[in-house]
Amino acid sequence: MRGRILLVTGVLLAAAPAVAHADPPVTSTGWGSAGSLDVLVDHEHVVTGELARCDADGPASARTPGGAAGEVAVFGFGGTSCERKGSVAQVKAGGQRFESGLLTRYGGPELKVRTYSVGCATTTDSGSTGSMSIGEVSGFTIPSSIPANYRITIPGGAAGTALATITLNETVTPTPADGSLVTHAVHVKLFPQGGPASGDIYLGTAACNPYGKGGAPAS
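So, how was this worked out
- Residues numbered from 1 in each chain as written.
- Predicted model: local features only at pLDDT ≥ 70, side-chain atom pairs only at ≥ 80, totals over all residues.
- Heavy atoms only, no water.
- Helix = DSSP H or I, 4+ residues; strand = E, 2+ residues; numbered from the N terminus.
- Contact = heavy atoms within 4.5 Å.
- Core = buried A, V, L, I, M, F, W, Y, C linked by side-chain atoms within 4.5 Å.
- Buried < 20%, exposed > 50% of the residue type's maximum accessible area, 1.4 Å probe, protein only.
- Salt bridge = Lys/Arg side-chain N within 4 Å of Asp/Glu carboxyl O.
- Disulfide = S-S within 2.5 Å.
- pLDDT = per-residue confidence, 0-100.
- Phe/Tyr/Trp six-rings, centres within 6.5 Å; stacked < 30°, edge-to-face > 60°.
- Pairing = 2+ DSSP bridges.

Things to note about the overall build of the protein
The helix and strand inventory of the protein stands at zero helices and 16 strands. Contacts in the protein between residues far apart in sequence, at least 24 positions, make up 58% of those at least 6 positions apart.

Quick word on the nonpolar core
Counting residues in hydrophobic clusters, the biggest one holds 43 residues, and the most contacted among them are Leu 37, Val 72, Ile 134, Phe 140, Ile 166, Leu 168 and Ile 201. Ignoring anything within four residues of it in the chain, the contact list for Val 72 reads Leu 37, Val 39, Val 41, Val 46, Ser 100, Gly 101, Leu 102 and Ile 201.

Regarding the pattern of salt bridges
Two side chains carrying opposite charge are able to pair once their charged atoms lie near each other. Across all of its chains, the model carries seven salt bridges by this definition. One salt bridge in this structure joins Arg 105 and Glu 71, with 3.7 Å as the shortest N-O distance. You can see Arg 105 sitting in the loop between strand 9 (88-100) and strand 10 (111-122) and its partner Glu 71 sitting in the loop between strand 6 (67-69) and strand 7 (73-75), a full 34 residues away along the chain. Assessed through its relative accessible area of 38%, Arg 105 is described here as partly exposed. Of the charged contacts, one joins Lys 85 and Glu 83 as a salt bridge, the two residues approaching to 4.0 Å between their closest N and O atoms. For Lys 85, a relative accessible area of 56% gives the class exposed. Residues joined in a network through salt bridges with shared partners are Asp 42, Glu 71 and Arg 105.

Concerning the state of the cysteines
For the structure on display, the rule yields two disulfides. Each sulfur in the disulfide pair Cys 54 and Cys 82 lies 2.0 Å from the other. Of note, the bridge from Cys 54 to Cys 82 carries an S-S torsion of about 60° and is right-handed in sense. Pair noted here: Cys 54 is in strand 4 (residues 54-55) and Cys 82 is in strand 8 (residues 78-85), with a separation of 28 residues, a long-range link.

Concerning the confidence of the model for the protein
Looking at the protein, the pLDDT average stands at 89 and 87% of residues meet or exceed 70. In this model, residues 1-7 is a region of pLDDT below 50 whose contacts with residues beyond four sequence positions or in other chains number 28 contacts. Long-range and interchain partners of residues 12-22, a stretch whose pLDDT sits below 50, account for 18 contacts in this model, where long-range means more than four residues apart.

Some words on the packing of aromatic side chains
Inspection of the entire model under this criterion finds two aromatic pairs. With a centroid separation of 5.2 Å and 90° between ring planes, the pair formed by Tyr 106 and Phe 191 is classed as edge-to-face. Taken as a pair, Tyr 106 in the loop between strand 9 and strand 10 and Phe 191 in the loop between strand 15 (181-190) and strand 16 (197-213) lie far apart in primary sequence, 85 residues in all. Overall, the relative accessible area of 7% leaves Phe 191 in the buried class.

A short note on the pairing of strand 8
Note that strand 5 (residues 61-64) and strand 8 share four bridges and pair antiparallel. Directly across from Ala 62, in strand 8, lies its bridge partner Thr 80. Bridge count for strand 8 against strand 9 is eight bridges, and the pairing is antiparallel. The residue of strand 9 that forms the bridge with Gly 79 is Gly 94.

Description of the environment of Ala 68
Within the element layout of this structure, Ala 68 appears in strand 6. Overall, Ala 68 belongs to the exposed group, its relative accessible area being 61%. Residues Ala 68 and Phe 98, 30 residues apart in the sequence, show an inter-C-alpha distance of 9.8 Å. Non-local contacts of Ala 68, meaning those with residues more than four positions away in its chain, are made with Ala 73 and Val 74.

Focus on the pairing of strand 16
The buried fraction of strand 16 amounts to 12 of the 17 residues, a majority that puts the element mostly inside the structure. One ladder, built from 13 bridges, connects strand 2 (residues 27-41) with strand 16; its direction is antiparallel. Paired with Gly 30 across the strands is Cys 208, a residue of strand 16. The sheet contact formed by strand 15 and strand 16 spans nine bridges and is antiparallel. The residue of strand 16 that forms the bridge with Thr 183 is Ala 206. Between strand 15 and strand 16, which pair antiparallel one after the other, the connecting turn spans six residues, and Phe 191 there sits at a positive phi close to 40°.

Written as structure tokens, this is what we have:
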């Protein structure tokens, strides 16, 4: 199915009252990854680490030619870019031609994502925004407009459990909110209720924090 864009999400940290003493300097930060995988299947632990990771403090960009992660998945070409302009950090990440046939071992579908991208940016008013897009997919169905944390269940596990859940435009913020934001274009969680495999696959990650260095101003 052909998909398109998402919605832009954001988080804002309420302004703190002014204080008499000088606050330490604050610098926004951000990092991005084309994808990552950490899966345990048939007593084998397969881990990729963050593919093509960039950081606002360097490296400013990175690329990965892709390749097979054991017998779990195949990542295609991916790339990232991170930068800081004044007080604003920006991150972009994306990739193409991801495939995983892992679920076919248990009667599930082969998962394919032709293209995906994700981004985030800090804002001058102490918040962050995130965005993502996804192209043609196979093995699951996506809506034309993707809200934050849109979840898809892949059925077929034992006793009615799920083989996997797929979360699109996954938005992660801390509690209490501090203005930071992590956006994953695609998050595949294997056998969330337990089963013969476990772990997570992420396609496209962008993380931004307006107070990444120096901490938030004192209240």
